[in-house]
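Residue strings, one per chain:
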Amino acid sequence: QVQLVESGGGLVQPGGSLRLSCAASGFTFSNAAMSWYRQAPGKERELVAGITSSGGSTKYGDSVKGRFTISRDNAKSTVYLQMNSLKPEDTAVYYCNVFWFVAYWGQGTQVTVSS
């Protein structure tokens, strides 16, 4: 079965950095595009970043462009989200996502940006 396990969240001060990881299993990772989404309290889930199966193309939500970087290691079946210059408005639960015939989601990892 498809499993997505996120890690790397936590509490960080404004301007700080975090790197999230998502370990994937149960499907052919190297053939799948991957995405990160986030959901803040009282808000809809939004796309943060996406990456193609080869890693050759990426896309970002407008609010994170220039600050976040998505990458992947197909040998490790893992996708990453490097988050720099974090702002309080980045506070949310971050989810890893893959569409493999149907959509799958990880359990989420909490990111809190606060002084």
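Note that the structure is predicted; figures quoted are calculated from it, not measured. (Residues numbered from 1 in each chain as written. Predicted model: local features only at pLDDT ≥ 70, side-chain atom pairs only at ≥ 80, totals over all residues. Heavy atoms only, no water.)

## A word on the side chain of Ser35
Here is step 1 of the chain: With respect to the element layout, Ser35 can be found in strand β4 (residues 34-39).
Here is step 2 of the chain: Owing to a relative accessible area of 14%, Ser35 belongs among the buried residues under this scheme.
Here is step 3 of the chain: For Ser35, the contacting residues outside a window of four places in its chain are Leu47, Ala49, Gly50, Tyr95, Cys96 and Asn97. (Helix = DSSP H or I, 4+ residues; strand = E, 2+ residues; numbered from the N terminus. Buried < 20%, exposed > 50% of the residue type's maximum accessible area, 1.4 Å probe, protein only. Contact = heavy atoms within 4.5 Å.)

## Brief notes about unusual backbone geometry
Here is step 1 of the chain: Unlike most non-glycine residues, Ser85 shows phi in positive territory, near 50°.
Here is step 2 of the chain: Using a relative accessible area of 41% as the deciding quantity, one classes Ser85 as partly exposed.
Here is step 3 of the chain: The phi torsion at Phe101 lies on the positive side, around 70°, for a residue other than glycine.

## A few points about the pairing of β4
Here is step 1 of the chain: Inspection of the sheet shows β4 paired to strand β5 (residues 46-51) by five bridges, in the antiparallel sense. Its bridge partner being in β5, Trp36 is matched across the sheet by Ala49.
Here is step 2 of the chain: As consecutive antiparallel partners, β4 and β5 are separated by six residues, and within that stretch Gly42 has a phi angle of approximately 75°, a positive value.
Here is step 3 of the chain: Of the pairings in the sheet, the one linking β4 to strand β9 (residues 92-100) comprises six bridges and is antiparallel in character. Each bridged residue has a counterpart across the sheet, and for Trp36 the counterpart in β9 is Cys96. (Pairing = 2+ DSSP bridges.)

## A look at the sheet that holds strand β1 (residues 3-7)
Here is step 1 of the chain: Taking strand neighbours across the sheet as the criterion, the four strands line up as β1-β3-β8-β7 in an open arrangement whose pairing is antiparallel. Of all the strands in the sheet, just β1 and β7 (68-73) have a single pairing partner and so form its edges. Sheet twist, expressed as the average angle between the axes of neighbouring strands with direction ignored, equals 15°.
Here is step 2 of the chain: Pairing between strand β3 (residues 18-25) and strand β8 (residues 78-83): six bridges, direction antiparallel. Counterpart to Leu20 in the pairing with β8 is Leu81. (Axes fitted to C-alpha atoms, helices over the stretch in contact; angles between N-to-C directions.)

## Focus on the pairing of strand β11 (residues 109-113)
Here is step 1 of the chain: Burial of β11 is one-sided: the residues Thr109, Val111 and Val113 facing one way are buried, the residues Gln110 and Thr112 facing the other way are not.
Here is step 2 of the chain: Looking at chain direction, strand β2 (residues 10-12) and β11 are connected through three bridges and run parallel. Within the sheet, the bridge partner assigned to Gly10 lies in β11 and is Val111.
Here is step 3 of the chain: Alignment of β9 against β11, held across three bridges, turns out to be antiparallel. Looking at the pairing, Tyr94 lines up with Thr109 of β11.

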